[in-house]
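# Survey of secondary and tertiary structure
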Amino acid sequence: MARALSPRRKLISTLAAWTVALIIFFPVLWMILTSFKTEPSAVAMPPQLFTADWTLENYAEVWARSDYPRFFWNSVVISVGSTLLGLVIAIPAAWAMAFVPGKKTKDLLMWMLSTKMMPAVAVMIPLYLLFQRLGLIDTKFGLVIALMLMNLPIIIWMLYTYFKEIPGEILEASRMDGATLWGEIIYVLTPMALPGIASTMLLNIILAWNEAFWTIVLTTTKAAPLSAFIASFSAPQGLFYAKLSAASAMAILPILILGWFSQKQLVRGLTFGAVK
Amino acid sequence: MTKTLRALLGATALATLAGVASAETTITVATVNNGDMVRMQGLMDDFNAKHPDIKVEWVTLEENVLRQNVTTDIATGGGQYDVITIGTYEVPIWGKQGWLESLNDLPAEYDVDDLLPAIRGGLTVDGNLYAAPFYGESSMVMYRKDLMEAAGLTMPDAPTWADIEKAAAAMTDKSKEQYGICLRGKAGWGENMAFLTAMSNSFGARWFDEKWVPQFDQPEWKATLDTYLKLMNEYGPPGASNNGFNENLTLFQQGKCGMWIDATVAASFVTGKDSTVADKVGFALAPDNGLGKRGNWLWAWSLAVPSSSDAKDAAKVFIDWATNKDYLALVASKEGWANVPPGTRTSLYSNEEYAKVPFAKMTIDSINSADPNAPTVKPVPYVGVQFVAIPEFQGLGTTVGEIFSAALAGQKTADEALAEAQAAVTDEMKAAGYIQ
């Protein structure tokens, strides 16, 4: 049984947790604050916090200069689409690896993960040519496929870990009751692994939302998501940090809200099976 | 003719007309995010009114990402872009590769002879104009008139490096965080090496001799680097090895630099509303050493049509609109003469209204004093003032830039840096087959 913490230790732990959280969140906070400053105030040295000239002008200009709703919608379609498609492929794959493992299952899992260690730029030209021949450049469908492929190893790994926690006897019992293979996966396994599937889904939506290499390389105008929207505000000559911050804030806000509301689910899923 | 037949013929004619009316060509324009480009996007109503049959879609990207995406697209014949924004570094290389469409057939009203000769020369390969300049720039000295006056000095219109050193020493007061000179120190072929390569030209140095043998072991490069390090170590701001264009702009705008030698386009920023020293800035040509070449560069952001485009005619119509004389007049009428894209046309500099812009004369004088086809005192086999127009230069420039930036940070001496640069560039040039 866990020992109860003394009030003093509890206070110290809370303070430590808040300090770490603030350090981690500080860059995002600073970016959001910068987005409300004027350009000279944004680059002032020493940095200004309480003496800054606050303004909403940056948001107005970013909104006026870009078709934000289109970029936003593309991000939603691409991140949700690639995650759902990934789950459709990953659930049966993870089921097979968790409940009917072969001699090489572990090797296969490691190999899949090793593809994530390859620098993306190494496969840029082959993938670009493939997409070009198939007419998938600058299409949302193409990006759904690309991001699904990028994140599939992670989805399979996470689901495999969750499925391993589910007693095989329950699945056996369902089989004895006459469940078919798909019935077993859809009606027995999936509901039991729902927290794990939900956290996998959330994490992959976040990964796909933040992806900024392929989404810029494989798009031009029609399918460009919010990562391309941010890139369009980066300037080599001239100080436009406040506008860049406003564009970045507009791009991360939806995913920040999603992460905030689903944090319990995320933490639960990510720590699933951590303590036995 | 029966009524039915007439009706059918009429319907067919209407359908044909409707088809023609809706035959809209869409072109994709890839560009960088800078003030002039943003301004152009804001003036698209004029283009749309004149060319309702052409729809323009924009892709705005960071400079290096744009370069990567456009290179990939052209090299693979993708045809994603119909108009691309490229610099003077890419035009000679891509033009030779056959990646760009010749713009020799632009209409006579475009008046190609009005383009500034230095800029036009940098965009022409074997007699073919491969890109139309949207704005051109050089580099010059921007200095604080008040600090010079307080020091009892006068900045010549065409200073020498000795003048610069004297002024830097006189204006430095580190106790007040006031530094005599701010120069680029951040590593990169378009960062510190743009400045140092241009500076080296005025010292008689060159990247390669006529046989592509690297020249960093020659006394001219030693003099260049020694002068640069002395200026920056004694009169420059702390942490200068991290400073690029934007960092130096901030320092100058906040009154911390006595001088800043950088792009002429910075003139509008240091005299603009965000600058605390806007009314105290003077301009002079980039310094020289009396050898016939000044330490200023030449760059133009230009519009080109990739050979992979499937809407080349519409793309040329757009380029004509965006870079002709009428466009300059359009910007002037909407935003004032100070906001007209500079450095492309001779006629702009004979315009009386434009002559009133404080940095106009120094900009054109700077541009005219740079020649990309004869950039150095001694002969060279390459084109380019602050770069060498060969595909390997991006990598080479960045490698040498990192070595020189480390020397500025005090991690190595000038001699060590030059020896390292010579070895690194020699290896690369051997691997690329330029030398044995």
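Procedures and definitions
Residues numbered from 1 in each chain as written. Chains lettered and ligands numbered in written order. Predicted model: local features only at pLDDT ≥ 70, side-chain atom pairs only at ≥ 80, totals over all residues. Helix = DSSP H or I, 4+ residues; strand = E, 2+ residues; numbered from the N terminus. Rg over C-alpha atoms; globule rule 2.2 N^0.38 Å. Contact = placed C-beta atoms within 7 Å. Buried ≥ 20, exposed ≤ 12 C-beta atoms within 10 Å, placed from the backbone. Domains from an automatic or database assignment. Core = buried A, V, L, I, M, F, W, Y, C linked by C-beta atoms within 7 Å. Pairing = 2+ DSSP bridges. Axes fitted to C-alpha atoms, helices over the stretch in contact; angles between N-to-C directions. Parallel < 35°, antiparallel > 145°, perpendicular 65-115°, else oblique. Left-handed = near helix turned anticlockwise from the far one by under 90°. Nonpolar A, V, L, I, M, F, W, Y, C, P; charged D, E, K, R; others polar.

Summing up its helical and strand segments, chain B has 19 helices and 10 strands in all. Taken over the C-alpha trace, chain B has a radius of gyration of 24 Å; the compact-globule value for 436 residues is 22 Å, and the two agree within 12%. A principal-axis box enclosing the C-alpha atoms of chain B has dimensions of 95 × 55 × 35 Å. Sequence-distant contacts, at least 24 apart, represent 75% of the contacts inside chain B between residues at least 6 apart.

As a further point, take the overall build of chain A. The helix and strand inventory of chain A stands at 14 helices and 0 strands. Listing every helix and strand of chain A by position from the N terminus yields α-α-α-α-α-α-α-α-α-α-α-α-α-α. For chain A, the spread of C-alpha atoms along the three principal axes comes to 70 × 65 × 30 Å. A total of 276 residues make up chain A; the buried ones form 34% of that total. In chain A, of all internal contacts separated by at least 6 residues, the share reaching a separation of at least 24 is 79%.

Right, let's get into unusual backbone geometry. All names here are of chain B. In the Ramachandran plot, Asp126 falls in the positive-phi region, its phi being about 50° despite a non-glycine side chain. We classify Asp126 as exposed; it has 9 C-beta atoms within 10 Å. Even without glycine at this site, Glu177 takes up a positive phi of about 55°.

Where interface size is given, it is often the accessible area lost as the parts come together that is meant. The partner chain B presents 28 residues to the 23 residues of chain A that form the contact. Mapped by element, the contributors of at least two residues to the side of chain A that touches chain B are helix 2 (39-42), helix 6 (124-133) and helix 11 (214-217) of chain A. Of all the elements, helix 6 of chain A adds the most residues to the side of chain A that touches chain B, at 3 residues.

What follows concerns helix 17 (residues 360-368) of chain B. Helical periodicity: at 3.6 residues per turn, an α-helix aligns residues three or four positions apart in one direction. For helix 17 of chain B, the buried fraction is high: 7 of the 9 residues fall into the buried class. When helix 17 of chain B is considered as a whole, its buried residues turn out to be Ala360, Met362, Thr363, Ile364, Asp365, Ser366 and Ile367 of chain B.

Residues and elements named next belong to chain B. The domain architecture assigned to chain B consists of domain 1 (20-130 + 299-355) and domain 2 (139-297 + 382-431). Just the C-alpha atoms count here: the centres of domain 1 and domain 2 sit 30 Å apart. Tallying the contact residues gives 5 residues for domain 1 and 7 residues for domain 2.

Moving on: the nonpolar core. Ranked by internal contacts, the top residues of the largest apolar core, which has 194 residues, are Ala94 and Leu159 of chain A together with Val83, Met142, Met259 and Phe318 of chain B. Take this core: its biggest share by element is 14 residues, from helix 7 (residues 140-164) of chain A. Split by domain, this core shows at least three residues from each of two domains, domain 1 (20-130 + 299-355) and domain 2 (139-297 + 382-431) of chain B. Contact partners of Ala94 of chain A, with chain neighbours within four places excluded, come to Ile156, Leu159, Tyr160 and Phe163 of chain A.

A few words on the pairing of strand 3 (residues 83-86) of chain B. On a regular strand, each side chain points to the face opposite its neighbour's, so the side chains alternate between the two faces of the sheet. Residue and element names in this part refer to chain B. Of the two faces of strand 3, the one carrying Val83 and Thr85 and the one carrying Ile84 and Ile86 are both buried. As defined by bridge partners, strand 1 (residues 25-32) adjoins strand 3 across 2 bridges and the pair is classed as parallel. Looking at the pairing, Ala30 lines up with Ile84 of strand 3. Here 3 bridges tie strand 3 to strand 10 (residues 298-304), and the two strands are oriented antiparallel to one another. Bridging from a neighbouring strand, Ile86 pairs with Ser302 of strand 10.

What follows deals with the packing of helix 5 (residues 105-114) of chain A against helix 7 of chain A. Residues and elements named next belong to chain A. Orientation of helix 5 relative to helix 7, taken along the N-to-C sense of each, is 140°, at an axis distance of 9 Å. In terms of axis orientation, helix 5 runs oblique to helix 7. By crossing handedness, the relation of helix 5 to helix 7 is classed as left-handed. Contacts between helix 5 and helix 7 pair Leu109, Met112 and Leu113 from the former with Pro153, Ile156, Trp157 and Tyr160 from the latter. Per-class residue counts for the contact of helix 5 with helix 7 are 7 nonpolar, no polar and no charged.

The next thing to look at is the environment of Tyr235 of chain B. All names here are of chain B. Topologically, Tyr235 is positioned in helix 10 (residues 219-235). When the 25 C-beta atoms within 10 Å are taken as the criterion, Tyr235 is described as buried. The spacing of Tyr235 and Gly180 is 55 residues in sequence and 5.1 Å in space, taken between C-alpha atoms. Aside from chain neighbours lying at most four places away, what touches Tyr235 is Ala168, Ala169, Thr172, Tyr179, Gly180 and Ile181.

To continue, consider the packing of helix 7 of chain A against helix 10 (residues 194-210) of chain A. Residue and element names in this part refer to chain A. Relative orientation of the contacting elements helix 7 and helix 10 amounts to 155°, with a least axis distance of 10 Å. For the element pair helix 7 / helix 10, the angle class is roughly antiparallel. In this structure, the crossing between helix 7 and helix 10 has a hand that is right-handed. Across the interface between the two elements, Leu147, Asn151, Ile154, Ile155, Met158, Leu159 and Tyr162 of helix 7 pack against Gly196, Ile197, Thr200, Asn204, Leu207 and Ala208 of helix 10. Residues that form the contact of helix 7 with helix 10 fall into these classes: 9 nonpolar, 4 polar and no charged.

Further remarks concern the environment of Asp146 of chain B. All names here are of chain B. Structurally, the position occupied by Asp146 is in helix 7 (residues 145-150). Given 16 C-beta atoms within 10 Å, Asp146 falls into the partly exposed group. It is 14 Å that separates the C-alpha atoms of Asp146 and Gln253, two residues lying 107 residues apart in sequence.

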